[in-house]
Structure formats: C-alpha cells, structure tokens
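Reading the structure
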Amino acid sequence: MKYIDLRSDTVTKPTPEMREAMAEAEVGDDVYGDDPTVNRLEELAAQKLGKESAVFVPSGTMGNLIAILTHCQRGDEAIVGDRSHIYLNEAGGMSALGGVHPNPAPNQKDGTLALEDIRARIRTVDIHHPTTRLICIENTQNFCGGVALTAEYTRQVGELARENSLRLHLDGARIFNAVVAQQADVKELTAPADSVMFCLSKGLAAPVGSMLVGATEFIARARRFRKMLGGGMRQAGVLAAAGILSLETMTLRVAEDHYRAKMFADGLRGVHGIVLDENMPQTNMIYFNLAPHVTLSAEEISQRMAERGILLSWIDARRSRLVTHYEVDDVAVARAVEAFKGILG
Ligand SMILES: *Cc1c(COP(=O)(O)O)cnc(C)c1O
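Being a predicted model, the structure only gives us computed values, none of them experimental. (Residues numbered from 1 in each chain as written. Predicted model: local features only at pLDDT ≥ 70, side-chain atom pairs only at ≥ 80, totals over all residues. Heavy atoms only, no water.)

Focus: the domain arrangement of the chain
Rules: What marks off one domain from the next here is an automatic or database domain assignment. The criterion used for residue contact is that any of the two residues' heavy atoms lie within 4.5 Å. Summed over both partners, the accessible area (1.4 Å probe) lost when two parts come together is defined as the buried area. We define a salt bridge as a side-chain nitrogen of Lys or Arg found within 4 Å of a carboxyl oxygen belonging to Asp or Glu. Distance and chemistry together define a polar contact, namely a pair of N or O atoms within 3.5 Å, with one atom able to donate a hydrogen and the other to accept it when in protein, and with adjacent residues in sequence counting only for side-chain atoms on both sides. Helix and strand definitions follow DSSP, with helices as H or I runs of at least four residues and strands as E runs of at least two, each counted in order from the N terminus. Residues are grouped as follows: Ala, Val, Leu, Ile, Met, Phe, Trp, Tyr, Cys and Pro are nonpolar; Asp, Glu, Lys and Arg are charged; every other residue, Gly included, is polar.
When the domains of the chain are assigned, the result is domain 1 (4-10 + 253-344) and domain 2 (14-251). Each of domain 1 and domain 2 has a C-alpha centre, and these two points are 28 Å apart. With 16 residues of domain 1 in contact, the opposing surface of domain 2 contributes 23 residues. Taking both partners together, domain 1 and domain 2 bury about 1600 Å²; carbon and sulfur atoms supply 54% of that area. One can count 1 salt bridge joining domain 1 with domain 2. With a closest N to O distance of 2.8 Å, Arg-174 and Asp-9 form a salt bridge. Where domain 1 meets domain 2, there are 6 residue pairs in polar contact (both at pLDDT 80 or more). Contributing elements (two or more residues each) for the side of domain 1 that touches domain 2: α12 (254-268) and β10 (285-290). Here the side of domain 1 that touches domain 2 gets 3 residues from one element, more than from any other, and that element is α12. Here the residues of the side of domain 1 that touches domain 2 sort into 6 nonpolar, 6 polar and 4 charged.

Dropping the structure here:
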C-alpha cells in the first residue's frame, strides 16, 4: 500500500527530474571548493535570496547552529522565540556546542516576537550579564501554525537589531511558503537579516540539505564551522543537483500545498472529533486538537489511520499537525478526510 504521509513535508522524495539530475551531476571535492554543482547551487541560492554568498549544509539544524556559532562567542546571548525550532527542536545545540545562552521571548499567535519583548531582553553592559549578540526569528513559524511573518515586521526587527548593534538571523526553513502565502518578494523577507537558513529538503523536495546565506565575509567564517561540525561533504554535487531543481522549479508550486491544506481544513471542519486551530491553515500546516469527548488515544487514532493508509504525527497526547506537500494530491486529501470522518465522526 502507498501511504499518504501527512507527518511532515520532510518526507517528500526527490522528483524523477531530480533523480536524473543527481545521476548526471558533475562533481568534485567540495571541501576544496571543487564541486561545480555545489558552487552553482550556492551562487543560485545567494542570488535568489539577495545575499552575497551561500554555503550548502547537510541540514537546517546544522545551518542554524553554524549561523549562531558564526555570529556569537561563548557567553553571548541570543534572543529566540519560546516556540521556535532553534529553542525547542535543535537539541540545545547553541548552548551545548556554542556556549551561547538562549533568552526566550514569547512567540505571539502570529509567530512574531513582540518588539517590546525583544527590547526588554537586550542586556545592559554589566559584568553580571551575558552579552546580547543575536536575535533569531522564524518564517514560516512552525509551532505557531506555519504562520508567515511579514516583510514589514521583519524590517522592524532588523531596525531594532541595528539600533542595538545586534545581529539578526532568520530561520527560514520554509521561507518560500512565506513568500507564496503573502505573494511577497523573497528578498523583502530576507533583506533585514544578516543571515538566513532555508531548507531544500522540505516542501522543495530535495532529498538532503539546507542553505545558509549572508555576506561574503560571514559565509567564509561559516565554512570553517561547517567543517568543525563535520558538515564538510565531498562529492556533494549529487545532492546539490537536486537542490538546484528545488530552487528553479519547486519554490512557487508550494502554493498548491497551501490550497490543498485549505481544502483539507474545510473537510476537517465537518469532523466532530476534531477542533481546528483558529485561522488554520495559513500555509501548508494544519494543527488540531481532539475534541473533549474523544476517548480514543492518539496511538489508537494513528493505528486506525495507518490501517487506512494514512500517517500522521502528534505534538502531544491530544494535538496533531498535518502537513501537505507535493506527494499529497486532491485524492489523498479526500481520502484523509474520509478516514478522519470514519474514525472521529
Ligand atoms: C525543519 C526545521 C528546521 C531544521 O531542519 P532539519 O533539516 O530538519 O535539521 C529548522 N527550523 C525550522 C522552523 C524547521 O521547521
């Protein structure tokens, strides 16, 4: 049975065109800078996001960590969202490996950090305090519902960072979902940030890899941290070849995922056991809670859904996230809605 996999957009497999490009990729030793396909991907990524330079990294988690290590020294502090991926889902890398102290500010429902909350966390010069160095924001904001931050908000955070001699890092794992949701120019969303990480291997369907982009001098230093963390890959052109197709052919098609997420949510509104979050979905994610009357456990629901060929994941015992992506078509959405109806009324 072919499963309809709604756990994440990371489950997407490379497209047939990607497989072909991977098989034919020209490669070299990328640690020596000799892989022409990686070099092409890095140039393309920098150009597309309006930055001087880019480096190909094995994962988004490593990309964010490298950015933090490059911006900060040990004992520095980074202001992060309390529901951000960096703070919750990256194994505490910034403190474990970088000696960087996270200072969490509450993520608002719309995914932002309130400017006054950021301002209140900027340390004064005092030997008792860590040194505030960095602000990290996330677009789209995953755990707030895949919500998109606006260019105007990003500009305001950038201004606040500059006024206080701080750096701004954008975790743009799904930046092209934010672009498509708002019909924005990606450069408007990235310009205020000193560094941006985005993932090739989520909605853009590449098998592996993320990009870190920024100024030439910043990326040159970032390459050393990539090597230090063991992320220097050799004939990585076989992966970069897929990433090039992600950037050239897949960024706008995530609009389809958003459209299907809307269809999906409309279908789920007719299921009694499901309570959708307000204003859901904004991009390719649907978060919902089980209604109070539901007595089936998350495991039982997952098992019954799997019997119907559908995979889903749980945030906690009563909360789930469903993600649409290019392997989820209209028929898959209809089947998933039917399955939920069958199990949860
Ligand atoms: C997935 C994700 C990452 C990390 O990417 P990996 O490639 O899974 O390490 C970082 N930030 C956000 C918001 C993500 O959703």
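Concerning the nonpolar core
Keep this limit in mind: Side-chain atoms within 4.5 Å are what join buried Ala, Val, Leu, Ile, Met, Phe, Trp, Tyr and Cys residues into a set we call a nonpolar core. Classification of residues uses two cut-offs on accessible area relative to the type maximum, computed with a 1.4 Å probe and protein chains only: under 20% is buried, over 50% is exposed, and between them is partly exposed.
Phe-56, Ile-137, Phe-176 and Phe-198 are the most contacted members of the largest nonpolar core, which totals 54 residues. With 7 residues, the top contributor of residues to this core is helix α11 (residues 237-250). Not counting the four nearest positions on each side in its chain, Phe-198 is found in contact with Ala-45, Leu-49, Gly-172, Ala-173, Ile-175, Phe-176, Ser-210, Met-211, Val-213 and Leu-247. In this structure, Ile-4, Met-285, Leu-322 and Ile-343 belong to the second largest nonpolar core, which totals 34 residues.

A closer look at the layout of surface pockets
As a reminder of what qualifies: Think of a 1 Å grid over the protein atoms and nothing else: a 1.4 Å probe that fits but is trapped marks a cavity, an open set flanked by protein within 12 Å on at least five of seven lines marks a pocket, and residues with an atom within 4 Å of a point count as lining. Grid points are joined across faces, edges and corners, and a volume is the space filled by probe spheres set on the points.
Quantified by volume, the largest pocket comes out at close to 300 Å³. Lining the largest pocket are 13 residues, and of these Lys-109, Cys-144, Asp-277, Glu-278 and Met-280 lie nearest its centre. Grouping the amino acids of the lining of the largest pocket by side-chain chemistry returns 5 nonpolar, 2 polar and 6 charged. For the lining of the largest pocket, the domains that each give at least three residues are domain 1 (4-10 + 253-344) and domain 2 (14-251). Only α3 (60-71) and β7 (195-199) provide two or more residues apiece to the lining of the second largest pocket.

Here's the deal with the site of the ligand
Inclusion rule: We call a residue near a molecule or strand whenever a single non-hydrogen atom of that residue lies within 4 Å of it. Per-residue accessibility takes into account occlusion by the displayed protein chains alone, with areas from the Shrake-Rupley method and a 1.4 Å probe. Pocket or cavity membership: a molecule qualifies when more than half of its atoms sit within 2 Å of the grid points of that site.
In the region of the ligand, 14 residues are neighbours, and Gly-60, Thr-61, Asp-171, Arg-174 and Lys-202 sit closest. One nitrogen or oxygen atom from the side chain of Asn-142 is found 3.2 Å from an oxygen atom belonging to the ligand. Between the ligand and Arg-174, the relevant distance is 2.9 Å, taken from an oxygen atom to a side-chain nitrogen or oxygen of the residue. In the complex, 85% of the free accessible area of the ligand, which totals 380 Å², lies under the protein chains. Placement of the ligand is best described as lying within the second largest pocket. The set of elements that each furnish at least two residues to the shell around the ligand consists of α3 and β7. A per-element tally of the shell around the ligand places α3 first, with 3 residues. Here the residues of the shell around the ligand are counted per class, giving 3 nonpolar, 6 polar and 5 charged.

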